[in-house]
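# Coordinate inspection notes
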Amino acid sequence: ILATAFVLRSGFFLLSPLKDMEYRVEPDRIAISLATGKGFSNPLPCETGPTAWLPPAYPWVLSNIYDFLGYDKEAERAKMLLLLAFISLGLALLPLASTILSGQAFPGILAGWAGALSPFEFVVEAHGREMGLMGLACLVSALLFERRRRQPAVSVRNGAADGLFYGMALLL
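Because the structure is predicted, anything quoted here is derived from the model rather than measured.

Let's shift gears to the overall build of the protein. Scanning the protein for helices and strands turns up 9 helices and 0 strands. Reading the protein from its N end, one meets helices and strands in the order α-α-α-α-α-α-α-α-α. A buried classification covers 35% of the 172 residues belonging to the protein. Expressed as a percentage of contacts within the protein between residues at least 6 apart in sequence, the contacts between residues at least 24 apart total 66%. Here the protein displays about 9800 Å² of accessible surface, and carbon together with sulfur accounts for 71% of that area.

As C-alpha cells, then:
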C-alpha cells in the first residue's frame, strides 16, 4: 500500500503543474520567515511579527527545506514529496489500525487500498495542504492511546514515553 500510494501520488504530482508560487499558505510563510532568520513570524502576506498561529514542527521542517533549496519550484516539489510520503505512510498504517481497533485487518486493507488508488485524493493533495502530517500524527496517537488503554498496568517508563510522544504530537 505504501509504495503504490507514494508512486501514484508522486507521479500525478510530478505530471501536474505547480501551484502559483505567489500565493503561499500560512505554514509556508512562517517557514520562509524562519529560513530568513526572522523567527516564527509573519503568517499573513503582510509583516505581522512573532506568531503562535501554528504549531512549530511543520513550519520548522519546511524552513529547512527552504533554507537548503531556496523558495522556488524545487523546494515546492520537495515539500510536496514529503507530504505525499506522510499521506502514503498513513494509508499504509490503516491495516494495523484496523487490527488494533477491531481485531480484523481486512477493513484496514480495503481502506488502505481504496485510499491509495482514489483519484480524488490526488487532486486534493496536489494543492499542497499540510494535513498529511497532521493526519498521520492523529492516527499514530489514536493507535498508541488504544494500545495503552488495553494494558492493565501503567509503568513509569511507559507513562514517560506516552507523555513524550503526546507532547511531540502537540507540536505538529
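The next subject is the packing of helix 3 (residues 57-69) against helix 4 (residues 73-92). Direction vectors running N to C along helix 3 and helix 4 enclose 145°, while the axes themselves pass 9 Å from each other. You can see that helix 3 and helix 4 cross each other, and the crossing is right-handed. In this structure, helix 3 contributes Tyr 58, Val 61, Leu 62, Ile 65, Tyr 66 and Leu 69 to the contact, and helix 4 contributes Glu 74, Ala 75, Glu 76, Ala 78, Lys 79, Leu 82 and Leu 83. Partitioning the contact of helix 3 with helix 4 into residue classes produces 10 nonpolar, no polar and 3 charged.

One can find Ser 63 in helix 3. At a separation of 2.6 Å, a polar atom in the side chain of Ser 63 contacts the main-chain carbonyl oxygen of Trp 60. Residues within four places of Ser 63 in sequence aside, it is in contact with Ala 31, Leu 34 and Ala 35.

Direction vectors running N to C along helix 2 (residues 26-35) and helix 3 enclose 60°, while the axes themselves pass 8 Å from each other. As far as their axial angle goes, helix 3 and helix 2 are oblique. Two packed elements cross with a definite hand, and for helix 2 against helix 3 that hand is right-handed. Contacts from Pro 27, Asp 28, Ile 30, Ala 31, Ile 32, Leu 34 and Ala 35 of helix 2 reach helix 3 at Tyr 58, Pro 59, Trp 60, Leu 62, Ser 63, Tyr 66 and Asp 67.

So, on to the layout of surface pockets. Looking at the second largest pocket, its volume works out to about 160 Å³. Counting only elements with at least two residues in the lining of the second largest pocket, the list comes to helix 8 (131-150) and helix 9 (156-170). The element that contributes the greatest number of residues to the lining of the second largest pocket is helix 8, accounting for 4 residues. Residues of the lining of the second largest pocket, tallied by class, amount to 10 nonpolar, no polar and no charged.

Under the defined criterion, the tally for this structure stands at 4 salt bridges. Put simply, Lys 79 and Glu 76 hold a salt bridge, and the shortest N to O gap is 3.3 Å. Of this pair, Lys 79 and Glu 76 both sit in helix 4, 3 residues apart, which is roughly one turn of that helix. Residue Glu 76 is classed as buried on the basis of its relative accessible area, which comes to 2%. Beyond isolated ion pairs, a larger network of salt bridges with shared partners links Arg 24, Asp 28, Glu 76 and Lys 79.

Of all hydrophobic cores here, the largest spans 23 residues; its most connected members are Leu 62 and Tyr 66. Contributions of two or more residues to this core are made by helix 1 (2-15), helix 2, helix 3, helix 4 and helix 8. Sort the elements by how many residues they give to this core and helix 4 lands first, with 7 residues.

Looking now at the packing of aromatic side chains. If you walk through the whole model with that rule in mind, you get 1 aromatic pair. Taking the centre distance of 5.9 Å and the plane angle of 55° together, the rings of Tyr 66 and Tyr 71 count as tilted.

What counts and what doesn't
Residues numbered from 1 in each chain as written. Predicted model: local features only at pLDDT ≥ 70, side-chain atom pairs only at ≥ 80, totals over all residues. Heavy atoms only, no water. Helix = DSSP H or I, 4+ residues; strand = E, 2+ residues; numbered from the N terminus. Buried < 20%, exposed > 50% of the residue type's maximum accessible area, 1.4 Å probe, protein only. Contact = heavy atoms within 4.5 Å. Areas by Shrake-Rupley, 256 points an atom, 1.4 Å probe, with all protein chains shown as cover. Axes fitted to C-alpha atoms, helices over the stretch in contact; angles between N-to-C directions. Left-handed = near helix turned anticlockwise from the far one by under 90°. Nonpolar A, V, L, I, M, F, W, Y, C, P; charged D, E, K, R; others polar. Polar contact = N/O pair within 3.5 Å; in protein donor to acceptor, adjacent residues only side chain to side chain. Parallel < 35°, antiparallel > 145°, perpendicular 65-115°, else oblique. 1 Å grid on protein atoms, 1.4 Å probe; cavity = no way out; pocket = protein on both sides within 12 Å on 5 of 7 lines; lining within 4 Å. Points joined across faces, edges and corners; volume = space filled by probe spheres on them. Salt bridge = Lys/Arg side-chain N within 4 Å of Asp/Glu carboxyl O. Core = buried A, V, L, I, M, F, W, Y, C linked by side-chain atoms within 4.5 Å. Phe/Tyr/Trp six-rings, centres within 6.5 Å; stacked < 30°, edge-to-face > 60°.

Honestly, that's just the spatial picture; any functional story needs more than this.
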